[in-house]
Amino acid sequence: MKYTAKFCPNNCEKEIKQVKDKLGQLPDIEIVDDFCVLYCGQCLVQPFTLLNGKNIAADNAKDLLEKIHAYMEEAKAKC
């Protein structure tokens, strides 16, 4: 399954860079920087991504990465 992870470049920049670096090592994911992902305000509060359109958020980069991996595993199981 192919995944697209959209990130707002203004969202928790240092934490998101860590997440994008780790995700960039995976074969089936495209990482996109999009200045407006239509979740205004969330950028200032917590790291998040839109993964195939689903808003996935966490309190920190480590938790976000875990949630992304969990979502991807769940999606694979459904296929």
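Right above here is the structure, for reference.
Residues numbered from 1 in each chain as written. Predicted model: local features only at pLDDT ≥ 70, side-chain atom pairs only at ≥ 80, totals over all residues. Heavy atoms only, no water.

(A) Representation of the pairing of strand β3 (residues 48-51). The alternating pattern of β3 places F48 and L50 on one face and T49 and L51 on the opposite face, and all of these are buried. Bridging between β3 and strand β4 (residues 54-57) involves four bridges; their strand directions are antiparallel. Opposite L51, over in β4, you have K54 as the bridge partner. Between β3 and β4, which pair antiparallel in sequence order, lie two residues; one of them, N52, sits at a positive phi of approximately 50°. (Buried < 20%, exposed > 50% of the residue type's maximum accessible area, 1.4 Å probe, protein only. Helix = DSSP H or I, 4+ residues; strand = E, 2+ residues; numbered from the N terminus. Pairing = 2+ DSSP bridges.)

(B) Broad picture of the nonpolar core. Formed by 16 residues in total, the largest nonpolar core has its most connected members in V19, L23, I29, L51, L64 and I68. For this core, the secondary structure elements donating two or more residues are β1 (3-7), α1 (13-23) and α3 (61-78). Here the element with the most residues in this core is α3; it accounts for six residues. The residues touching V19, leaving out its near neighbours within four places in the chain, are F7, A61, L64, L65 and I68. (Core = buried A, V, L, I, M, F, W, Y, C linked by side-chain atoms within 4.5 Å. Contact = heavy atoms within 4.5 Å.)

(C) Focus on the sheet that holds β1. One open sheet holds the four strands; their spatial order is β2-β1-β3-β4, and the pairing between them is mixed. Looking along the sheet, the strands with just one partner apiece sit at the ends: β2 (29-33) and β4. Averaged over all pairs of adjacent strands, the angle between strand axes in this sheet comes to 25°, irrespective of strand direction. Against the sheet, α1 contacts β1, β2 and β3, and its axis sits at roughly 165° relative to β1. Across the sheet, α3 lies against β1, β2, β3 and β4, angled at about 140° from β4, the strand it touches most. (Axes fitted to C-alpha atoms, helices over the stretch in contact; angles between N-to-C directions.)

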